[in-house]
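Examination of the molecular architecture
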Amino acid sequence: MATEKDDVVLVEHADVNEDKDEASKKKPTTTTTNTPVATVSDDEDNGNDDNNVNTKREPEEKGDDKSNDDTKSETTNANADKPGPVQIVSVGTEEDKFAFEFHEEQLNSVMRKIPPGWKVAVVSVVGAFRTGKSFLLTWFLAYLKELKNNGSTGELIEGDKKWFEKIESIENDAFHWRGGSERNTTGIWMWDHPHFVKKGDESLAILIVDSQGMFDNETTMSLTASIFGLSTLLSSYQIYNVDKRIQEDNLQQLALFSEYARLVVQGTDGASVKKEGAGDMKPFQTMEFLVRDWQHFEDEEDYDQMEQEMNEYMDKVISEREAKDLQETREQILACFEKTTCFGLSHPGMAVIKKNFKGEVSKMDDTFLNLLDRYCRRVFSVENLKPKVIQGREVTAAELGSFIKAYAEMFASGASFPEAATMLEATAAANNSNAVNLAVSMYKDPMDRISGPACSNYIKTKELEEDHRRLLTKALREFDSIATFGSKKLIEEARRSVVDKLDKEFEVYSSLNEGRNPLAGLETYIVPITIATVSYILRGIADLTCSNVSQTCRNTSELLSHIYAVVVMFMLIILATKAQQVKEFLTRMKGALQLVANSGGDTKLKKD
């Protein structure tokens, strides 16, 4: 099912089951109706109907207890197909309680569900602890689920009831939340089932990310900055959750990381390559302040006016200041984000903050629910669903995974914020790695069709070498277009590695092609056949020219007869025992004749 609005189409995409080749063959099937509305879809049911208290899947701890390992294995298998959050970064190890630990397999389990080549939008939330970040993301998932069930935003808002009125309880089986004053989420979590949309010809996957609350009694300022920084680096739509109003310390916290971000893009090393226009490039995309428990709406019945009031409030907050330090803070923020916006949510109701609150929608404030509805539609609108951009390039899921790994390892020591040079180096290294992979892929994909394992036709060596040089040049141009910043030395090393890898790949393709050469191995059959033929002709000549009484002539004739008889028997045995090889021989002979006959023309046959 699909509907469309402008150039956005809902995509129902099956799980690729970790098989990239199969995923590339499965094209999303869509149909269109006359309803002009935007839609979003999950690859399967979000599972919010199950009444499970906490389904967060944490990385397994190492231990010697076999029974515990067996129990964990059974639990993992039981929940393998159930959607839920997975922890991609945890905080604290045995050696360092502030260290970041990156869980690569957890991230890969999510990325494998995104078809190769698809761009990715990342919606993440940061902010102080106990301000409802996980609660908000759970509502996002509920909205996306209802959107999937209804098929379009138009159908979602039509009818007697709004989508949130159809939900009896916002279950606690998504991003875990609870009332109270103690910290709930630690580290960084990602919803393990991407949602898919199609915008015109562009396919886009949406990832939802939750992060550890900041500014509590257990989190140092360096760790807070690291969490904020890592979340911002990986997101395309960052929501900064603040309480009651945007205060100056919120802006200063944001500006603190912004200064480092500028250096990541622009660099400080004179030996570095800078992308053209990097000075004007803003490193991040959308930063949206979500003001919780906003108490200053003039008319809580006019929701359009309430949104307008928040826009005016944002303009006032970010406007110029006479004080130099205040003005610099605002300039840093505006220089680092393409879009800086604001939205306000009223208080959800006193029942929500109680520890015994179970998510009953009926206990929530109506104004809050209506504003929440508008906010969900705002975040997942056509305008705001943008692919993640790094260094001016929209990145795919595979590329984003490389960047996240590099960033997480860069923040390995949460006790200290990484230096700007380190951040630049990590970003450049991940970018170079992606450039190498994309260049190699650009070479191998067409070469597989020309002379890969699935091909059956032989190509002349000269023509294959020409294809190699042409595709090598194309691959290097692709590498050069991506590897545009960072150390010149590292870029040159990465470029040489592309050449080395493609030269080795060409050796493999040449070997495969040579194995299909119709002239190769013909000597095994041609030599004995030639001997038999010559022997037969010489015997005939001897019988015609020699005297019948000559013993020498008779001996010579018998010898030649024995020779071709042995050869004929040898060939008959081969024919009887190696029929497949004989068939291949005949095919080779046919191919050889064609090759000789067409030697003056173009004989290159490629399997598409």
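Residues numbered from 1 in each chain as written. Predicted model: local features only at pLDDT ≥ 70, side-chain atom pairs only at ≥ 80, totals over all residues. Heavy atoms only, no water.

Where we set the bar: UniProt positions are given in the numbering used here, feature names are shortened, and annotations may be inferred rather than shown by experiment.
Identification of the protein chain as GB1/RHD3-type G domain-containing protein from Pseudo-nitzschia australis is taken from an unreviewed UniProt entry. Heading Sequence similarities (unreviewed entry) of the UniProt record for the protein chain holds this comment: "Belongs to the TRAFAC class dynamin-like GTPase superfamily. GB1/RHD3 GTPase family."

1. Focus on the overall build of the protein chain
Condition: The way it works is that DSSP assigns letters per residue, a run of H or I at least four long becomes a helix, a run of E at least two long becomes a strand, and they are numbered from the N terminus. A 1.4 Å probe rolled over the protein chains alone gives each residue an accessible area, and that area as a share of the maximum for its type sets the label: buried under 20%, exposed over 50%, partly exposed in between. Contacts: residue pairs with any heavy atoms within 4.5 Å of one another. For accessible areas, the Shrake-Rupley method is used with a probe of radius 1.4 Å. Any residue's cover is judged against the shown protein chains and nothing else.
Along the protein chain, the regular secondary structure elements total 17 helices and 16 strands. Residues classed as buried in the protein chain amount to 48% of the 608 residues present. Considering only intrachain contacts with a sequence separation of at least 6, the fraction spanning at least 24 residues in the protein chain is 79%. Element-wise, carbon and sulfur atoms account for 50% of the exposed surface of the protein chain, whose accessible area totals about 30200 Å².

2. Section: the packing of helix H4 (residues 133–150) against helix H10 (residues 366–379)
This is how it is decided: Axis angles are defined between N-to-C directions and span 0 to 180 degrees, where every axis is a line fitted to C-alpha atoms and, for a helix, only to the segment in contact. Should an angle fall under 35 degrees it is called roughly parallel, over 145 degrees roughly antiparallel, and 65 to 115 degrees roughly perpendicular, with every other angle called oblique. Note on convention: near helix rotated counterclockwise from far helix by under a right angle means a left-handed crossing. Clockwise means right-handed. Gly counts as polar in this scheme, as do all residues outside two lists: the nonpolar Ala, Val, Leu, Ile, Met, Phe, Trp, Tyr, Cys and Pro, and the charged Asp, Glu, Lys and Arg.
Two elements in contact, H4 and H10, have axes separated by 10 Å at closest approach and are oriented at 70°. Relative to H10, H4 is oriented roughly perpendicular. Crossing geometry of H4 relative to H10 is assigned as right-handed. Contacts between H4 and H10 involve Phe-135, Leu-136, Trp-139, Phe-140 and Tyr-143 from the first element and Phe-368, Leu-369, Leu-372, Tyr-375, Cys-376, Arg-377 and Val-379 from the second. Within the contact of H4 with H10, the residues separate by chemical class into eleven nonpolar, no polar and one charged.

3. Observations regarding the nonpolar core
Going by this rule: We define a nonpolar core as any set of buried Ala, Val, Leu, Ile, Met, Phe, Trp, Tyr and Cys residues linked to one another through side-chain atoms lying within 4.5 Å.
One finds Trp-139, Phe-140, Ile-246 and Phe-380 to be the most contacted residues of the largest nonpolar core, which totals 101 residues. When residues in this core are grouped by element, the largest group, ten residues, is from H4.

4. A short note on the pattern of salt bridges
The condition is simple: Whenever Lys or Arg places a side-chain nitrogen within 4 Å of a carboxyl oxygen from Asp or Glu, that contact is recorded as a salt bridge.
For the structure shown, the criterion picks out 16 salt bridges. For Lys-363, the salt bridge goes to Glu-360, with nearest N and O atoms at 3.7 Å. One salt-bridge network, held together by shared partners, links Glu-288, Asp-304, Glu-307, Arg-374 and Arg-378.

5. Observations concerning a negative patch on the surface
Counted only if it meets this: Patch membership is restricted to residues that have no salt bridge and whose relative accessible area is over 30%. Joining uses 9 Å for like charges and 5 Å for the nonpolar side chains Val, Leu, Ile, Met, Phe, Trp and Tyr. Counted as positive: Lys and Arg. Counted as negative: Asp and Glu, with His and the chain ends omitted from the count. By convention, charge coordinates are those of NZ in Lys, CZ in Arg, CG in Asp, or CD in Glu.
A contiguous patch of negative charge on the surface is contributed by Glu-165, Glu-298, Asp-299, Glu-300, Glu-301, Asp-302, Glu-312, Asp-315, Asp-365 and Asp-366. With respect to the element layout, Glu-312 can be found in helix H8 (residues 303–318).

6. Quick word on the packing of aromatic side chains
Inclusion rule: Two rings belonging to Phe, Tyr or Trp (six-membered ring only in the last case) form a pair when the distance between their centres is within 6.5 Å. Interplanar angles under 30 degrees mark stacking, angles over 60 mark edge-to-face geometry, and anything in between is tilted.
The final tally for this structure, using the stated rule, is 14 aromatic pairs. Aromatic pair Phe-140 and Phe-380: ring centres 5.3 Å apart, planes at 85°, arrangement edge-to-face. Of the two residues, Phe-140 sits in helix H4 while Phe-380 sits in the loop between H10 and strand E14 (389–390), which places them 240 residues apart along the sequence. In this structure Phe-380 comes out as buried when scored by relative accessible area, which is 5%. Measuring from ring centre to ring centre gives 4.8 Å for Phe-343 and Tyr-375, while their planes differ by 35°; the resulting arrangement is tilted. Here the residue Phe-343 occupies a position in strand E13 (residues 337–345), and Tyr-375 occupies one in helix H10, the gap between them amounting to 32 residues. You'll find Phe-343 and Tyr-375 in the same group, each marked buried. Members of the aromatic cluster, each reached through a chain of ring pairs, are Trp-139, Phe-140, Tyr-143, Trp-163, Phe-164, Phe-343, Tyr-375 and Phe-380.

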